[in-house]
Amino acid sequence: MYAVVLLVCCSWVALLCPSVQAYENLALKKPAWQSSTEMSYNGAELAVDGLYTDLSWDGGQCAWSVGGQTTAEWGVDLGGVKYIHHVFIQYATDNWVWDEYNGYTGYFLGFSVYISNTTNKEDGVLCFRDTIYTRATIPNPVNITCPYHGRYVIYYNNRTHPPYPEGYSYDVYIELCEVEVYGCPTPGRYGENCSLLCPENCHCDVIDKTCVECVPGYKGHLCYEECGGHTYGLECKQSCGNCSGGVQCDHETGSCPKGCDAGLYGDKCDLECGGHTYGLGCKQSCGNCSGGVQCDHVTGTCPNGCVAGMSGDKCDLECDGHTYGLGCKQSCGNCSGGVQCDHVTGICPNGCVAGMSRDKCDLECGGHTYGLGCKQSCGNCSGGVQCDHVTGICPNGCVAGMSGDKCDLECGGHTYGLECKQSCGNCSGGVQCDHETGSCPKGCDAGLYGDKCDLECGGHTYGLGCNQSCGNCSGGVQCDHVTGICPNGCVAGMSGDKCDLECGGHTYGLECKQSCGNCSGGVQCDHVTGSCPKGCDAGLYGDKCDLECGGHTYGLGCKQSCGNCSGGVQCDLVTGICPNGCVAGMSGEKCDLECAGRTYGVECKQSCGNCSGGVQCDHVTGNCPNGCDAGMYGDRCDLECGGHTYGLGCKQSCGNCSGGVQCDHVTGICPNGCVAGMSGDKCDLECAGHTYGVECKQSCGNCSGGVQCDHVTGNCPNGCDAGMYGDRCDLECAGHTYGVECKQSCGNCSGGVQCDHVTGKCPNGCDAGMYGERCDLACGSYKYGVECKEVCGNCSNGIPCHHVDGSCPSGCDAGAYGVTCKESCGNCSNRDTCNDVDGSCPYGCDVGVYGKTCDKACQSGRYSISCAKACGQNCQGCNRFNGVCEFGCQPGWTGTFCEKRKVFAMTMKTSRFLLNWWIFNRSSTELFS
């Protein structure tokens, strides 16, 4: 392992500054943190921003913590494990000379630097701890050689264990203006420029490839040997002895390739089964050990026995065989269905067998109960004895009025008394008589009486309580005692089952079978003789009003006459209405009115409404006496004009109606319009005014010379006007054509729009690269683009650029670049020509400039070729070409590059001390390397 070596670079003692290899600053712009922050502009990130020209606390370039603290810590995250060579620290000076009189030296004394793979410094290695410097000797800036690998670099200082050496401050600050961590950005590399590979599995020294440390899982001088003997990890110091089958764990991670031994789990098989599990993979359960203790993690056995209700070495068997409790020593039985009682409490889960009760089913039913749950009653046993507790059967029979094995059934079926051997019946509603006495609780059925309802009604009575009378039975016999019905019918003039209703409904006599329905006013005839007391209805006559009127008469007393009925039939004897209608020419209910209202014939249903002058036609034949109205013809004027004729006598002609239909027979108007090409109410006018077709609604106004198109088809006889085409000249030229017959071409209009169909002009100008009214001319004279307003760039050999996009077909002249060769090259190294596509310089930039195209002046604090060099650290701003500090030096410094202290006097004693110190440290480095 390397000894900690401090290399102090003091600008004023050149002999004490060993050369530093060109490693990369791994900390630049990386995330940083500190234990506290003084002001918002003193954040931890300022120590890795690459700026440290202003070393004051408020210059905006230094990280600063809150004062008055006993510890202070600052760190940077390199973003991953890196191979580190050295650490550069620039402490704050407040822009004053750094010497024993500078107030910041006391806060720098005693600092430490750690390299770690976590943000905890204690997890890492100590690179350096100051124990030798004083305010007069501590250097600033300082380079610390630190050949370790790690992700986090941590600066730490403390004042926690006084007393401290003379010159130390009483508290500590973070006062870091810059921390630069130099090393290889890619793990596994070493040497100058980090171009060499470390040995495999080795974290090597960043300088000479010696293995400082092996990667986890490997050991040995060259890190070739994998961990064995059930070890793994960093330096093979971690143990892993429980892999299944005793195999070696993974030498890097410690994981077992084939799982763990029984009773263990975890990636590394270092955890015993818990949570009441055991065995391979801890997949077996053992949760019933006495006292809730864990079973043996390998075998699953319980050390102190089982909880109540469980048995077996592993306490995984519930009590059975009708046992329960601790050790399964208590008995249970009588559970319903013969199931096992609860193995812990002895309770039956589904109740007891019939005749048993209580939780454990160990008590027989009593209190005149039996069966499941003792929920059934059996209180009617003879002598009041208890029934059988299981079946409910009474051992000595039942009390009076009860029956059944269990004496739980009252006598039924109209029986009562001991053993239900006595009969009773006819209780009202069919209800059961009292099962003990036989009496009816609600009286007797209809037709019966007596305590037990066993006597029938008599003396022409019937029904409930024999309270209803019956009479008028034929022969004077007794009616039915229940219903009152007469068994042999009724006397004359009476009806109904009980012969208690007089004949009605216009009937009379025995059984009311004779009719007498025509009495005046609809009154009932005499129910015995059938005579009408007040005469007959209209249309009838006779003593019993049973004869109809005849001889074409009708009405009351048959005194009114009727005639003109169709077929000479008799009219209705009451109303006089003809049943089959009237003879031809007559109408009305009684056929006593001639046809009118332009009708005639049978029932006046035929029309004759077109007689000249609107006169009535003959009511029988329908003939018109004075001829027909216009548009009609025939004897009865009932035929409309046809054959394309209309008007009086159908003597006027009409034609050209759409679809060849007949025009209106009176006016000659076409009902559905005209055939194509015709117009007017009567369709007798050809289309005109540049119209054609159906209803002359189609336009055809673009015929050559302005002539009328064909009135039917719309075709132009002599062709079209300029800009139009098609048989009807109704289509504008398209497809980038224009003019007569669309034979002239146009194109290149802006946006690809169609030119004017007549003139060919472009409405919105031309496409890029074209000009002229019709956009048919390409740009010339080294012009290009929209309206040819763009001037070509510096094309090679003076060749014109492309007229559309301005691109140079053969590239650019020297000194120009870009698609259009309008961009000028920057200041390339050695005055080289830049790339004519992107302007990049093939061999970098000239002095004083940087950037992809070498056109940016060096930023403040940088100079030389491609601005690769930094101005002197004591320079207030150097010349970007040669690095000369043309804006002056920091206080206390002078020289062209501000490399000299203004005041310096070194005694021989001081020189000898510093030389001896350097020699000692160099010897220490060689001794411990």
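Everything numeric in this text was worked out from a predicted model, so none of it was measured.

Conventions adopted
- Residues numbered from 1 in each chain as written.
- Predicted model: local features only at pLDDT ≥ 70, side-chain atom pairs only at ≥ 80, totals over all residues.
- Heavy atoms only, no water.
- Helix = DSSP H or I, 4+ residues; strand = E, 2+ residues; numbered from the N terminus.
- Rg over C-alpha atoms; globule rule 2.2 N^0.38 Å.
- Contact = heavy atoms within 4.5 Å.
- Lys, Arg positive; Asp, Glu negative; His and termini not counted.
- Charge placed at Lys NZ, Arg CZ, Asp CG, Glu CD.
- Disulfide = S-S within 2.5 Å.
- pLDDT = per-residue confidence, 0-100.
- Salt bridge = Lys/Arg side-chain N within 4 Å of Asp/Glu carboxyl O.
- Buried < 20%, exposed > 50% of the residue type's maximum accessible area, 1.4 Å probe, protein only.
- Pairing = 2+ DSSP bridges.
- Patch = residues over 30% accessible without salt bridge, like charges linked within 9 Å, V, L, I, M, F, W, Y side chains within 5 Å.
- Areas by Shrake-Rupley, 256 points an atom, 1.4 Å probe, with all protein chains shown as cover.
- Phe/Tyr/Trp six-rings, centres within 6.5 Å; stacked < 30°, edge-to-face > 60°.
- Polar contact = N/O pair within 3.5 Å; in protein donor to acceptor, adjacent residues only side chain to side chain.
- 1 Å grid on protein atoms, 1.4 Å probe; cavity = no way out; pocket = protein on both sides within 12 Å on 5 of 7 lines; lining within 4 Å.
- Points joined across faces, edges and corners; volume = space filled by probe spheres on them.
- Nonpolar A, V, L, I, M, F, W, Y, C, P; charged D, E, K, R; others polar.

Peer 1: So what exactly am I meant to see when it comes to the overall build of the protein chain here?
Peer 2: Helices and strands together make up the secondary structure of the protein chain, namely two helices and 74 strands. For 929 residues, the compact-globule estimate of 2.2 N^0.38 gives 30 Å, and the C-alpha radius of gyration of the protein chain, at 66 Å, exceeds that figure by more than 25%. Taking the contacts inside the protein chain whose residues are at least 6 apart along the sequence as the reference set, 29% of them involve residues at least 24 apart. Averaging the coordinates of the 55 positive side-chain charges in the protein chain and doing the same for the 101 negative ones gives two points 10 Å apart.

Peer 1: When you look at the state of the cysteines in this model, what are you seeing that I'm missing?
Peer 2: Simply put, disulfide is the name for a covalent bond between the sulfur atoms of two cysteines. On inspection of all chains with the given rule, the structure shows 63 disulfides. The disulfide bridge from C490 ends at C499, spanning 1.8 Å between sulfur atoms. Between C490 and C499 the sulfur-sulfur dihedral comes to about -85°; the bridge is accordingly left-handed.

Peer 1: What is the right way to read the confidence of the model for the protein chain from this model?
Peer 2: Detailed reading of the predicted model is not advised wherever pLDDT is low. Mean pLDDT over the protein chain works out to 84, with 94% of the residues at or above the 70 mark. Confidence, expressed as mean pLDDT per element, reaches its minimum in the protein chain at strand β1 (residues 5–7) with 30 and its maximum at strand β3 (residues 32–34) with 98. Here residues 903–929 scores under 50 on pLDDT; set against residues more than four positions off or in separate chains, the count is 19 contacts.

Peer 1: Please clarify how the pattern of salt bridges should be interpreted in this entry.
Peer 2: Pairing between side chains of opposite charge can happen when the charged atoms of each approach one another. A full pass over the atoms with the stated rule returns 13 salt bridges. In this structure, E235 and K237 form a salt bridge, with 2.7 Å as the shortest nitrogen-oxygen distance. Classification of E235 by relative accessible area gives partly exposed; the value is 41%. Given the relative accessible area of 64%, K237 is considered exposed. Residue E787 pairs with K789 through a salt bridge whose shortest N-O separation is 2.9 Å.

Peer 1: Just checking my understanding: could you explain the pairing of strand β9 (residues 149–158) for this structure?
Peer 2: Regular strands place side chains that alternate from one sheet face to the opposite one. Where burial is concerned, most of β9 is hidden: nine out of the 10 residues are buried. As paired elements, strand β6 (residues 112–116) and β9 share five bridges and run antiparallel to each other. Looking at β9, one finds that S112 is bridged to Y156.

Peer 1: I'm lost on the side chain of K82 in this one. Help?
Peer 2: Topologically, K82 is positioned in strand β5 (residues 71–91). Within the buried core, K82 has no salt-bridge partner, and the shortest N-O distance to an opposite charge, that of E24, equals 7.8 Å.

Peer 1: I keep staring at a nonpolar patch on the surface and nothing clicks. Help me out?
Peer 2: Among the surface-exposed residues, M39, Y41 and W57 lie close enough to one another that they form a single nonpolar patch of about 260 Å² accessible area. Mapped onto the elements, W57 comes out in the loop between β3 and β4 (63–64). A relative accessible area of 32% means that W57 is categorised as partly exposed.

Peer 1: Before we go on, may I ask you to explain the packing of aromatic side chains in this structure?
Peer 2: Think of a pair of aromatic rings as described by two things: how far the centres are apart, and how the planes are tilted against each other in angle. Evaluated as defined, the whole model comprises 13 aromatic pairs. Relative to F88, the ring of Y52 has its centre 5.8 Å away and its plane inclined at 45°; by these criteria the two rings are tilted. One end of the pair, Y52, is in the loop between β3 and β4; the other, F88, is in strand β5, with 36 residues separating them in the sequence. Taken individually, Y52 and F88 each receive the classification buried, so the pair is uniform in this respect. Here Y91 and F108 contribute two aromatic rings whose centre-to-centre distance is 4.2 Å and whose plane-to-plane angle is 10°, an arrangement assigned as stacked. Within this pair, whereas Y91 is found in strand β5, its partner F108 is found in helix α1 (residues 105–108), the two being separated by 17 residues in sequence. Neither Y91 nor F108 differs from the other in exposure class; each is buried.

Peer 1: Any chance you could explain the side chain of E178 here in plain terms?
Peer 2: Residue placement: E178 occurs in strand β10 (residues 175–184). Of the side chains with opposite charge, K29 comes closest to the buried, unpaired E178, at an N-O distance of 7.8 Å. At a separation of 3.5 Å, a polar atom in the side chain of E178 contacts the main-chain amide nitrogen of L51. When neighbours within four sequence positions are excluded, E178 is seen to be in contact with L46, A47, V48, D49, G50, L51, Y52, F88, I89 and Q90.

Peer 1: Before we go on, may I ask you to explain empty space enclosed by the protein in this structure?
Peer 2: Evaluation of the coordinates by the stated rule reveals two cavities of 30 Å³ or more. Volume-wise, the largest cavity comes out at about 40 Å³. Y83, I84, P147, Y148, H149, H203, C204, D205, V206 and V212 are the residues that line the largest cavity. Within the residue set of the lining of the largest cavity, elements represented by two or more residues are β5 and β13 (202–204). Here the residues of the lining of the largest cavity sort into seven nonpolar, two polar and one charged.

Peer 1: What's the story with unusual backbone geometry in this structure? I'm lost.
Peer 2: A negative phi angle is the norm for most residues apart from glycine, just as the trans form is the norm for most peptide bonds. Between N140 and the following residue, P141, the backbone shows a cis peptide bond with an omega angle of 10°. Relative to the helices and strands, P141 is located in the loop between β7 (125–129) and β8 (142–145). Cis geometry is adopted by the peptide bond preceding P163, which originates at P162 and carries an omega value of 0°. Within the fold, P163 resides in the loop between β9 and β10. The phi torsion at N95 lies on the positive side, around 65°, for a residue other than glycine. The residue N95 is located in the loop between β5 and α1 in this model. Even without glycine at this site, C898 takes up a positive phi of about 60°. When its relative accessible area of 2% is taken as the criterion, C898 is described as buried.

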